[in-house]
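# Geometric and topological summary
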Amino acid sequence: TSAPRAAAPARVPAPAAPAPARVPAHPRGLRFAPLTFTPPEAARHRRVLKNKVAAYMVEDHDLPLVSVTVLVRAGSYLDPQGKTGLAAAVGSQMRAGGAGPFSAEQFDEERDFLAASLARGFGPTSASASINFLAKDTDKALDLLFDMLRRPAFQADRFDLYRTQALQNLERRNDNTAGIEAREWARLIYGADHFSTLPVTRASVEAITREDLAAFHRQWVHPGNFILAVAGDFKPEEIAAKLDARMEGWTVPAGAKVPPVPKPSHAPVAGLYMVDKPDVNQGRVTMGQLGIERGNPDEYAIEMMNDVLGGSGFTSRITNRVRSDEGLAYSAGSAFGVGTYYPGAFRAVFQSKSETVAQAAQIVLEEIDRIRREPVSEEELQTVKNSAIEVFPRQFSSAAATAAIFASDELTGRDPGYWKTYRDRIRAVSVADVQRVAQKYLQPDRIVILAVGNVDAMLKGNADTPQYSFEK
């Protein structure tokens, strides 16, 4: 008899090859699943320290790094009359002039030894001090930060150097057209007597003394004006105790309540304003008018309107016409300012050759008129809405960014529901809304035009395009 034959192995069908992905003919044909993102809630990260200072703490244990930022309710609007620039000097010398047990030179060495990034500064309506460091150096880094905040020395030789440099900067303030443009634009919009436009002068610099620095610091830099943002590799209970220890016994001076930020009383006057700088071959131009304050119900529609007009880079109308179509400027666009304490400003900006400045300005005016007169297309609106919604998560891209947002929101009193409802409010903006806010907030008869450059060349214009002229 023959031996039994082995059974043939079962035939397993080969897996089907995946269907080739369909490649769209154009990038516009790409389709993606909706982005799902829930913004973090500020209340989950808020702690109140022993001295009633609010601190937003966001943990991130991926890297052994920690950042601490102290926001201060103070700014240059608190400068005494005749001493414009005092707040800025305090901000500089708190860091540069030594602090605590350290001379200025020793303080620099301590910071360098820790390889910590230490920053500070006073802006118009707020101030801040921050330090980024390795988690293992937490105690030493916090000592440095709070020595700077609590016990600045304002070392005399460093302050003398600061004043010398400030006076030298005054001598060079008209060297750069960008600086001239920013300074004069602010004066045209907010007036010459608003705190935000008061110039630092030789007299104001020379009037500031070390005693002024110490008095300003004593009155405004204290825990009663602090909000903290803490992010990185730490345990909240432990770092809260360390922060409490460094602010223990630090009392609030009597009568140190911060006054409200003053609003400007100036009404901008429409017209063409020119600053002559004959040694340049390009003109810098800003054109616009007053904007809005935060909390305006039209804020979201205005944001989308401005993105279509000039705020969204290469997809915006102003950029396309002035830069791409006509080649008159390397960059051109617009921004619609939303002020926190007083109205911001709408600005359309560009820089062009002197002879083509008038042509570029005319194109911007035409685009302002068009967005008021004609409804934007659904495609344009959807593009800027998608962009705003898709980049929204970047606001919370890191623990440090998240903590900073929450601390800043509390400092400035932003509506706690802003981040939760932002995308829904953007989605709700319609074509009709865009045209409505364009007609309401862009008013051609109120537009201020500022041009800085060679005035004769800008007025002369381009012989090849005589139809564009500032004199017509």
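Described below are features of the structure shown in this document. (Residues numbered from 1 in each chain as written. Predicted model: local features only at pLDDT ≥ 70, side-chain atom pairs only at ≥ 80, totals over all residues. Heavy atoms only, no water.)

The next subject is the overall build of the chain. The helix and strand inventory of the chain stands at 17 helices and 13 strands. Once the C-alpha set of the chain is aligned to its principal axes, its extents read approximately 120 × 70 × 40 Å. The buried share of the chain, taken over its 472 residues, is 44%. At a minimum sequence separation of 6, the contacts of the chain that also span at least 24 residues come to 82%. (Helix = DSSP H or I, 4+ residues; strand = E, 2+ residues; numbered from the N terminus. Buried < 20%, exposed > 50% of the residue type's maximum accessible area, 1.4 Å probe, protein only. Contact = heavy atoms within 4.5 Å.)

Tracing the backbone through its elements, the reader meets Lys277 in the loop between β7 (271-276) and β8 (282-290). A distance of 3.2 Å separates a polar atom in the side chain of Lys277 from the backbone oxygen of Asn174. (Polar contact = N/O pair within 3.5 Å; in protein donor to acceptor, adjacent residues only side chain to side chain.)

Let us look at the environment of Pro259. Tracing the backbone shows Pro259 in the loop between α9 (236-247) and β7. By relative accessible area, which is 35% here, Pro259 ends up partly exposed. The contact partners of Pro259, leaving out residues within four places of it in the chain, are Tyr77, Leu78 and Trp220.

Before going further, it helps to examine the packing of helix α10 (residues 299-311) against helix α15 (residues 418-427). Relative orientation of the contacting elements α10 and α15 amounts to 55 degrees, with a least axis distance of 10 Å. Between α10 and α15, the interaxial angle falls into the category oblique. In the packing of α10 onto α15, the handedness of the crossing is right-handed. Two secondary-structure elements touch here, α10 through Glu299, Tyr300, Glu303 and Met304 and α15 through Tyr418, Tyr422, Arg425 and Ile426. Along the lines of polarity and charge, the residues of the contact of α10 with α15 split into 5 nonpolar, no polar and 3 charged. (Axes fitted to C-alpha atoms, helices over the stretch in contact; angles between N-to-C directions. Parallel < 35°, antiparallel > 145°, perpendicular 65-115°, else oblique. Left-handed = near helix turned anticlockwise from the far one by under 90°. Nonpolar A, V, L, I, M, F, W, Y, C, P; charged D, E, K, R; others polar.)

Taken together, the 5 strands give an open sheet; going across it, the order is β7-β13-β8-β12-β10, and neighbouring strands pair in mixed fashion. Strands at the two margins of the open sheet, each flanked by one partner only, are β7 and β10 (332-336). The average angle at which neighbouring strand axes cross in this sheet is 15 degrees, direction not considered. Note that β10 and strand β12 (residues 345-353) share 5 bridges and pair antiparallel. Along β12, the bridge assignment pairs Ser334 with Ala348. (Pairing = 2+ DSSP bridges.)

A separate point is the sheet that holds strand β1 (residues 46-48). Pairing in this open sheet of 6 strands is mixed, and the strands run β1-β2-β6-β3-β5-β4 from one edge to the other. Each having just a single partner strand, β1 and β4 (117-122) make up the two edges of the open sheet. If you compare each strand with its neighbour and ignore which way they point, the axes differ by 15 degrees on average. With 6 bridges joining them, strand β2 (residues 54-59) and strand β6 (residues 226-232) adopt parallel strand pairing. Bridging across to β6, Ala55 finds its partner in Leu228.

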